[in-house]
Amino acid sequence: MTHNLKSKNELPLSSITSDYIYDSGSSKNSDISCDSSSPPHATETAITNSHDQSHHHPHSSAVTSSNSTETSPHDVHSPPAFSIDFDNESGEVDREYTGQFEGPEKTLEVCFRRRDGMMEMDHSQFQSDSTVFPPPKAGLRLLRRSDLDHICKRARCTILSTISNQYLDAYVLSESSLFVYNYMIVIKTCGTTTLLRCLAVLIELGRRLDLELDWVGYSRKNFNFPDDQCFPHGSFTQELEYLYGHKRLCEKLDGNGYTLGPITDDHWFVFVADQTIRSKPDLENDRVLNIMMFDFDLDVADLFYYDRYQRKKEGETEEEAIKRISMEQTKAAGIDALCPGALFDARAFEPCGYSMNAILYKSYYTMHITPEEGSSYASFETNQKLASYTSLINNVIRTFRPRRFVMTLMADEGGLKEIKGNPFVETNEYSRIAVPPKSKYNSGLVYKRTNIASIKVESDCCCMMGNWTIAHELGDRDFNEQRHRGMSFN
C-alpha cells in the first residue's frame, strides 16, 4: 500500500510549527494554534482558556541542581513572552560557540500504532521451509528523506550517513543519532539542539500515515551549561510547558514529568505519556540502558583526534578518508568489540569527536564521544534485550575508564523481571565495578555506587538511575583480591 504524504488540503511540512506563545500577562499556558489555512510561518495567535490550566500537572516535578538554574514548574508564575518568530529563529540560527560543549544527550522516543487497530504483522509469515523473506517496510519507514531532513532541521542537526536492516534504519546525525522502526522513532541530540521542536512534525507525519500516538518519552541528564540552551530547553520547567502545549495537536500527550537523583549531584529528568494498548501480556518487554561517562582516560581520549590518523591516502576521496579514519578509531578504542556481530556506521569529526551507530536484528547501539581534556564525555546506549547487562557494563567502563559515570535504565515491568544481576537493585558491595589495570603502568579501578533512584511511571514504565564514581585505585595483587571477593561485574 502506498501512502501519499501530502494531499492538496494539507500544509507543507515547513509550515508545521509546534510552537505556542506564552501570555506574558498570565500564568496560563497557551495552546498551539494549528490553522490549516495559515500560510507557512504565519504568526500564531495565543489562545488561553480557563479549562487549559491543567497543563500544570500536579505530578510533574523538576528541581534545582547545584550546577543548573532549572526550577520546579510550580515556581513559575509569569513566564516571559515568546513569539513564534523567536522560536523559529532559535531553531535555525547557531549560537556563538562559548568554548564549552554539552555532551549528554536529550532523547525523544515516540511510538505510534495503526488507526485501524491492526497489530504489526508477525514476521514468521514471511518465511517458508527454504527461504526467509524480510518483513516489508511500513509506517514510519515509508517516510521520505525530505521528511526526515525536516525533522532534523527542527532540532538543528543534519543527517550524515545511514545503515539499514530488515527491522530499522539508523542515521548518524551531526549532533548524535536517529533510529526509525516501522512504528517507533528514537532521536538523540546533544549540544544546544532543540529536540522537542520535532514533536509536532512527528505527530503530523504520523497522522498522514494513518498512525496515532501510542507512547512518548523524553529524558535527559541535568545540563552542565544550562544558559547555553535554546528555547524550549532553557529548563525542565520550560520543556514541560512546551510538551503540555502540544495537547491541542494531540490530546494523548497527557503525561507527567519526573526527576530522579539528588539535586546536589547528577540527576535525570523524565517525561512519559503512555497510551499503549496492552493487547498482549508479554508485549515486547522493552528496555533501554544508557551509560554516560565523564572525564575518561586521557590515552583513550587521544584516539578520537582526527590529526592522529593519516588524513588522505593516495587515490582516496574525502568521504573514503572519513570512513577509513572512523573505522580506525572504532578498532583502536575497542568499540567494535562492544557490539559483536553488529553492522557499524561510525563517524570521526574534525578536529575531534566521534559518533557511532550499530544495529543487530531489532536492536541498536549508539556511542557519542567528546574527548576534550577537562570536559571529556562518552555515552553508550542500547535497547538490546539481554538477560544480564553486567558483562556489557563492565566492558564499556573498562574501555573508557572514566572518573565517574551515570547509568540509567528505562524498562517496562516485563522487561525488568527478565534482567538478572541488575546493578540498580544490588547492594552497594555487589554493585561495585572493578576494572583491571590497562598496563603495568596503570592501576586497576574500583567504582562504587554513590546514590540510586527509581520510580514507576504511568502504567508500567520503570525508570532507574544511579551515579558511580572511583572509590580507589588498585595494583595487580589488590585488584585480583577484590575480584575474588565478587566486587566486579563479570
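Now for a look at the structure at hand. None of these values were measured; they are calculated from a predicted model.

Comments concerning unusual backbone geometry
Both trends apply: most residues other than glycine have a negative phi, and most peptide bonds are in trans.
Next, step 1: The amide bond that connects Phe231 to the next residue, Pro232, takes the cis arrangement and shows omega of 10°.
Next, step 2: Looking at the secondary structure, you find Pro232 in the loop between strand 6 (211-221) and helix 4 (236-244).
Next, step 3: For the peptide bond that leads from Glu350 to Pro351, omega is -5°, which places it in the cis range.
Next, step 4: We note that Asp295 has phi near 55°; this positive angle belongs to a residue other than glycine.
Next, step 5: Here Asp295 is to be found in the loop between strand 9 (287-294) and helix 5 (298-302).
Next, step 6: The phi angle at Tyr361 is positive, at roughly 55°, despite the residue not being glycine.

A few points about the sheet that holds strand 2 (residues 159-164)
Next, step 1: A sheet is described by the order of its strands in space; here eight strands give the open sequence 2-3-4-5-1-6-8-7, paired in antiparallel fashion. For this open sheet the edge positions go to strand 2 and strand 7 (256-260), each flanked by a neighbour on one side alone. This sheet shows a mean twist of 15° between the axes of neighbouring strands, independent of strand direction.
Next, step 2: Where strand 4 (residues 176-181) and strand 5 (residues 184-189) come together, five bridges link them in antiparallel fashion. Looking across to strand 5, one finds that Phe179 is bridged to Val186.
Next, step 3: Its contacts with the sheet put helix 3 (residues 199-208) on strand 1 (106-114), strand 5 and strand 6, and the angle it makes with strand 1 is roughly 15°.

Rules used in this analysis
- Residues numbered from 1 in each chain as written.
- Predicted model: local features only at pLDDT ≥ 70, side-chain atom pairs only at ≥ 80, totals over all residues.
- Heavy atoms only, no water.
- Helix = DSSP H or I, 4+ residues; strand = E, 2+ residues; numbered from the N terminus.
- Pairing = 2+ DSSP bridges.
- Axes fitted to C-alpha atoms, helices over the stretch in contact; angles between N-to-C directions.
- Contact = heavy atoms within 4.5 Å.

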